[in-house]
Amino acid sequence: MPSGLAALLDDVATIAKVAAASVDDVSAAAGRAGVKAAGVVVDDAAVTPGYAMGFSPARELPIIRKIAIGSLKNKFLILLPGALLISALAPWALTPLLMLGGAYLCFEASEKILANLAGHGKGEASPDDLAMSSEEKEKTMVGSAIRTDLILSAEITAIALADLAERPLATQAAALALVGLLITVGVYGAVALIVKMDDIGLHLAERRSASARAAGRALVHAMPMVLGGLATIGTAAMLWVGGGILVHGLHEYHLDALPALIEGLGHAAAGVPLVGSVTGWLATAAASAVVGLVVGGVVVAIMHFIPRKRAAH
């Protein structure tokens, strides 16, 4: 009996070690995959606050909650099963799907830049918007946000899956689920804080303390700049992530001229003393962003040219 108990305990300990190793493997894989998807995460965090603006303060957090729930449904009910099916049945499709998504990111960022240069997107609300009730407008905005999240979450899932391609299917599933959950909580937690920062500032501005009032006023005045900065960072992130995906795809298909050129620029910039790792990354990101801007500009031109051509006929 003692020897049998010892053997049982030894088996339990072995199982526990295997389980712990599996958890560590999933955590490490999720961490690496999440880092590679960081650019899309930045854009997601930059885009979402706009969907809660223009509503009463009491509705801002409920709107963010609805979008977050929709995001989780996107990831766990649509994207995760789809990603695992691709990984199991058609792993060859991952690179072209990634490149297609990268081209879309470049297109969206380039279109934003074009709209800002042309001064669009800052005018008054359309008559249709003004005619909607607050409840209808909220439903429309939440639906639009969830559709945008589906695209961005698809990119996050594809980028993460590409880093997990050599892992067992169970590890892929667990890591993708962990990445999806952590990114959703992180992004929408940050978004909730961002949309309430002006309310926090107003609350501080009403305090008796002069320093608290000054901090509150500074916070209120800073929020437009913070939101504008987030939008700029998000657009830049879309360009370098999308361009980087395209460059990596070219390398996968052994079209190495452009990837080799960008890699050479990164190595050259990395030779700067003390800050070489930073300058190397910046050079690679900037070169990828240029690729993204060129590809996005071409796609924007095509998308704008085709409707005009059809209208002319």
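Structure's up top.
A few points about the overall build of the protein chain
Helix and strand counts for the protein chain come out as 11 helices and zero strands. The linear arrangement of helices and strands in the protein chain, starting from the amino end, is α-α-α-α-α-α-α-α-α-α-α. The buried share of the protein chain, taken over its 313 residues, is 35%. Summed over all atoms, the accessible surface of the protein chain reaches about 17,900 Å², with 71% contributed by carbon and sulfur.

As for the pattern of salt bridges
As enumerated under the stated definition, the model contains five salt bridges in all. In this structure, the salt-bridge partner of Lys66 is Glu138, at a minimum N-O distance of 2.9 Å. Taken as a pair, Lys66 in helix α4 (residues 57-89) and Glu138 in helix α7 (residues 134-163) lie far apart in primary sequence, 72 residues in all. A relative accessible area of 40% means that Lys66 is categorised as partly exposed. Judged by its relative accessible area of 8%, Glu138 is buried.

Re the environment of Ser153
Its place among the elements puts Ser153 in helix α7. Along the chain, Ser153 and Thr184 lie 31 residues apart, while their C-alpha atoms are 9.2 Å from each other. Sequence-distant contacts of Ser153, defined by excluding residues within four places in its chain, comprise Ser71, Lys75 and Leu79. For Ser153, the side chain forms a polar contact with the side chain of Lys75, separated by 3.0 Å.

Here we look at the packing of aromatic side chains
Inspection of the entire model under this criterion finds two aromatic pairs. Taken together, a centroid distance of 5.5 Å and an interplanar angle of 80 degrees make the contact between Trp240 and Trp281 edge-to-face. One end of the pair, Trp240, is in helix α9 (residues 210-252); the other, Trp281, is in helix α11 (residues 276-312), with 41 residues separating them in the sequence. A relative accessible area of 28% means that Trp240 is categorised as partly exposed.

Quick word on the packing of helix α5 (residues 94-118) against α7
Interhelical geometry of α5 versus α7 gives an angle of 140 degrees and a closest axis separation of 10 Å. Regarding the angle of α5 to α7, the classification is oblique. Crossing of α5 over α7 shows left-handed handedness. Together, Leu94, Leu98, Gly101, Gly102, Tyr104 and Leu105 of α5 and Ile151, Leu152, Glu155, Ala158, Ile159, Leu161 and Ala162 of α7 make up the contact between the two elements. Split by residue class, the contact of α5 with α7 holds 10 nonpolar, two polar and one charged.

Things to note about empty space enclosed by the protein
Inspection of the entire model under this criterion finds one cavity of 30 Å³ or more. Considered as a void within the structure, the largest cavity measures approximately 100 Å³ in volume. Surrounding the largest cavity, Lys75, Phe76, Leu79, Leu80, Ser153, Ile156, Thr157, Leu176, Ala177, Val179 and Gly180 form its lining. Its residues assigned to classes, the lining of the largest cavity comprises seven nonpolar, three polar and one charged.

A short note on unusual backbone geometry
At His254, a residue that is not glycine, the phi angle is positive and equals roughly 65 degrees. By relative accessible area, which is 66% here, His254 ends up exposed. For Leu274, which is not glycine, the phi torsion reads 70 degrees and is therefore positive. The residue Leu274 is located in the loop between α10 (257-269) and α11 in this model.

Here's the deal with the nonpolar core
Membership of the largest hydrophobic core comes to 20 residues, with the highest contact counts inside it found for Leu98, Leu105, Ile159, Leu161, Leu176, Val241 and Ile245. Broken down by secondary-structure element, the contributors of at least two residues to this core are α4, α5, α7, α8 (169-205) and α9. With five residues, α7 is the single largest residue contributor to this core. If you look at the next biggest cluster of nonpolar residues, it comprises 16 residues, including Tyr51, Tyr188, Val191 and Val195.

Analysis parameters
Residues numbered from 1 in each chain as written. Predicted model: local features only at pLDDT ≥ 70, side-chain atom pairs only at ≥ 80, totals over all residues. Heavy atoms only, no water. Helix = DSSP H or I, 4+ residues; strand = E, 2+ residues; numbered from the N terminus. Buried < 20%, exposed > 50% of the residue type's maximum accessible area, 1.4 Å probe, protein only. Areas by Shrake-Rupley, 256 points an atom, 1.4 Å probe, with all protein chains shown as cover. Salt bridge = Lys/Arg side-chain N within 4 Å of Asp/Glu carboxyl O. Contact = heavy atoms within 4.5 Å. Polar contact = N/O pair within 3.5 Å; in protein donor to acceptor, adjacent residues only side chain to side chain. Phe/Tyr/Trp six-rings, centres within 6.5 Å; stacked < 30°, edge-to-face > 60°. Axes fitted to C-alpha atoms, helices over the stretch in contact; angles between N-to-C directions. Parallel < 35°, antiparallel > 145°, perpendicular 65-115°, else oblique. Left-handed = near helix turned anticlockwise from the far one by under 90°. Nonpolar A, V, L, I, M, F, W, Y, C, P; charged D, E, K, R; others polar. 1 Å grid on protein atoms, 1.4 Å probe; cavity = no way out; pocket = protein on both sides within 12 Å on 5 of 7 lines; lining within 4 Å. Points joined across faces, edges and corners; volume = space filled by probe spheres on them. Core = buried A, V, L, I, M, F, W, Y, C linked by side-chain atoms within 4.5 Å.

Everything listed here is a matter of geometry and, on its own, says nothing about what the molecule does.
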